[in-house]
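# Examining the three-dimensional arrangement
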Amino acid sequence: MESSRFSVFARYVLAIAIVLMFVFPIAWFALTSIKPISAIFDKDGVVVFDFVPTYENYQVTLFGQQSIDVSENSRSDFGTSGGNSYDGRSSIVSSLIVAIGSTFLATTIGLLAAYGLSRLQFRGSQGMLHWILSQRFLPPIAIIIPMVFIFRDLGLRDTHLGLIIAHTLINVPIAVLLLKSFIDDIPRDIDEAAMIDGATRLQVFWKVIMPMAKGGMAATAVLCFIFSWTEFLLSLFLTNSIRTIPVKITTFVTSTGSEWGYISALGTSAIIPGFIFILLVQNHLVRGLTMGAIKD
Amino acid sequence: MAEAQINHQDGRGGRKLLALPQWLTSEHPLPWLFPATAMLIIFGIYPVLYSLWLSFFKRNPATRVEKFDPSWNWSKLIADDRVWDAVVVTLTYTSVALIIQLVLGMLIALLLDSDRRGFGVLRALMTLPLVVPPAVTGMMFLLMYDGSFGVISHVLYDLGILSPNAPLLANGSTALLSVIIVDVWQWTPFMVLIMLAGLRALPKDPFEAAAIDGATDVQAFFRLTLPMMSKIIALAVLIRGIDLFRIYDYVKVMTDSGPGTATETLTAYTGTVYFKSADFPYASTVAIFTLLTVLVVANVFIKIFRVRF
């Protein structure tokens, strides 16, 4: 196909150009986060590199420093006397609690169900699989309104636990299907050999399946974490004072103007964990995104 | 669950230290599946039924009293032009974004499917948009679309495509397309990854035979690659299509359904009814209607293309 040197070169150029187009918005956002306000809102055009970098946006959003400089543009003068409404620290903590909690729950519940569906033959197991799959496609909007009422009655509204449950609910179908595909890859002979030696299923699960499915569990956990970390709709409806990062960041857009410096600083920080995680699970990414339907 | 049975393939009894009933032991599927099933029933099925139940009540906005009146909301829905506008917007959004993502995803996958040095890095970089929280993605593009200091707007001004008097998101005719472009940016990498996996799994022999017979690359693509990848393509379209259909984040963050209702999807309209008029029964009705539409479209698709998981 690419016999001539020219076509190889052209392919490189085209591939790099396209990838750069997909990376550009992130790079631009990160660049904006270290721009001073004067460089973000320049009336004469777009400032690309011609500015003095500042870390003020990070100091305000990640370290809780008062946003004094903003007041010279009288942009954040909406009666938040004293408090720093751009302090993202509590939202980072909330996001972490919810993401870690729901990842742990979804992976645990998913692993149990995946083992049952993979190894125990029972009537209706195929139907059950389809039902779990169909739950993956349930639009969150269809359950969110009653969920608000149910959570209010249970005292779960606006709590970390409530949001953990909501995210777990969305993650469980993905976790079950993905982990099932990984457990299916482990030869049954291994379980059976262990059971002939007198091990119970629980022992097989604990001592044989879990160690062998470690890679799959890690990939599942990463995907669950990323989902919870990036989720917006459920967090928006189910919480008021607890704000995960995606919801918190939208509050920086106000009718008097958007604080692009703070938005880009907190936004860039929110992207970084996902980058690290996704690079760790590159090998299982396709399988994860298709819930085990395509094995890599 | 009660009639569920396990096949005792080996008939092994095992030592019985504890006389637990059979369905409580690890030999029975119940303990394994109970947590997941309970979770999905309590927080998945029950809320859907609750939503359906709510849709049978008429809410009096003045007194806030809800009265049982099964047909009220559903006849309101059928007569509600905004619902049908939202259906059109949702279907336009879904189909346009899906087609662009599918074609672009396939082309980029073909381009990146190489073992030469550096292509592995390019493929990894290509996955990065997938982990950006959609609300943040919306912000990223909101910044670039801005009429006075947005980099995309300025490039378009310089090219003479866009007039500074008609900002991208404030204009009914460009707002929907601008939101679709955001979706394309974030989710084309999903298609690229799946297509790459499909391309890598293709057998080599048919392509060598075709090359010997003098087939061009384009012929080989349409006669061999596409048919052999049809299953994978159908799967990708199904997953992406359903996710597109329930789009909420970009619309909420970027345009809040505006200008007017130009970008109001079904999910966004449900949110609007919920937040702005607090008519929970009617919001539930729109939500259940969205769910039914997804179910019908997805199942028709699964039947036609015989998608298997």
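Residues numbered from 1 in each chain as written. Chains lettered and ligands numbered in written order. Predicted model: local features only at pLDDT ≥ 70, side-chain atom pairs only at ≥ 80, totals over all residues.

### Notes on the overall build of chain B
- For chain B, the count of helices and strands is 13 helices and 2 strands.
- Projected onto the principal axes, the alpha-carbon positions of chain B cover approximately 80 × 75 × 35 Å.
- A burial count over chain B gives 40% of its 309 residues as buried.
- Counted over contacts in chain B with a minimum sequence separation of 6, partners at least 24 positions apart contribute 67%. (Helix = DSSP H or I, 4+ residues; strand = E, 2+ residues; numbered from the N terminus. Buried ≥ 20, exposed ≤ 12 C-beta atoms within 10 Å, placed from the backbone. Contact = placed C-beta atoms within 7 Å.)

### Comments concerning the overall build of chain A
- Scanning chain A from terminus to terminus reveals 14 helices and 2 strands.
- Relative to the globule expectation of 19 Å for 296 residues, the C-alpha radius of gyration of chain A, 24 Å, shows a markedly less compact shape.
- Every one of the 296 residues in chain A was classed for burial, and the buried ones make up 47%.
- Of the contacts made within chain A by residues no fewer than 6 positions apart, 75% connect residues no fewer than 24 positions apart. (Rg over C-alpha atoms; globule rule 2.2 N^0.38 Å.)

### So, the nonpolar core
- Within the largest apolar cluster, 160 residues are counted, with the highest numbers of intra-cluster contacts made by A:Leu179 and B:Ile194.
- With residues up to four places along the chain from it excluded, the contact list for B:Ile194 reads A:Val286, A:Leu289, A:Thr290, A:Ile294, B:Ile232 and B:Ala236. (Core = buried A, V, L, I, M, F, W, Y, C linked by C-beta atoms within 7 Å.)

### Re the confidence of the model for chain A
- Overall, the prediction assigns chain A a mean pLDDT of 86, with 92% of residues at 70 or greater.
- Mean pLDDT per element in chain A: strand β2 (residues 257-258) of chain A is the minimum at 78, and helix α4 (residues 89-119) of chain A is the maximum at 95. (pLDDT = per-residue confidence, 0-100.)

### Side note on the pairing of strand β1 (residues 57-60) of chain B
All names here are of chain B.
- As defined by bridge partners, β1 adjoins strand β2 (residues 65-68) across 4 bridges and the pair is classed as antiparallel. Each residue of the ladder has a partner; that of Asn60, found in β2, is Val65.
- Two successive antiparallel strands, β1 and β2, enclose a turn made up of 4 residues, where Arg64 displays a positive phi of approximately 60°. (Pairing = 2+ DSSP bridges.)

### Thoughts on the packing of helix α3 (residues 81-112) of chain B against helix α7 (residues 172-200) of chain B
Residue and element names in this part refer to chain B.
- As a packed pair, α3 and α7 sit with axes 6 Å apart at the nearest point and diverge in direction by 45°. As judged from the angle between their axes, α3 and α7 are oblique. Taken as a pair, α3 and α7 cross one another with a handedness that is right-handed.
- Within the contact of α3 with α7, the residues separate by chemical class into 20 nonpolar, 4 polar and 1 charged. (Axes fitted to C-alpha atoms, helices over the stretch in contact; angles between N-to-C directions. Parallel < 35°, antiparallel > 145°, perpendicular 65-115°, else oblique. Left-handed = near helix turned anticlockwise from the far one by under 90°. Nonpolar A, V, L, I, M, F, W, Y, C, P; charged D, E, K, R; others polar.)

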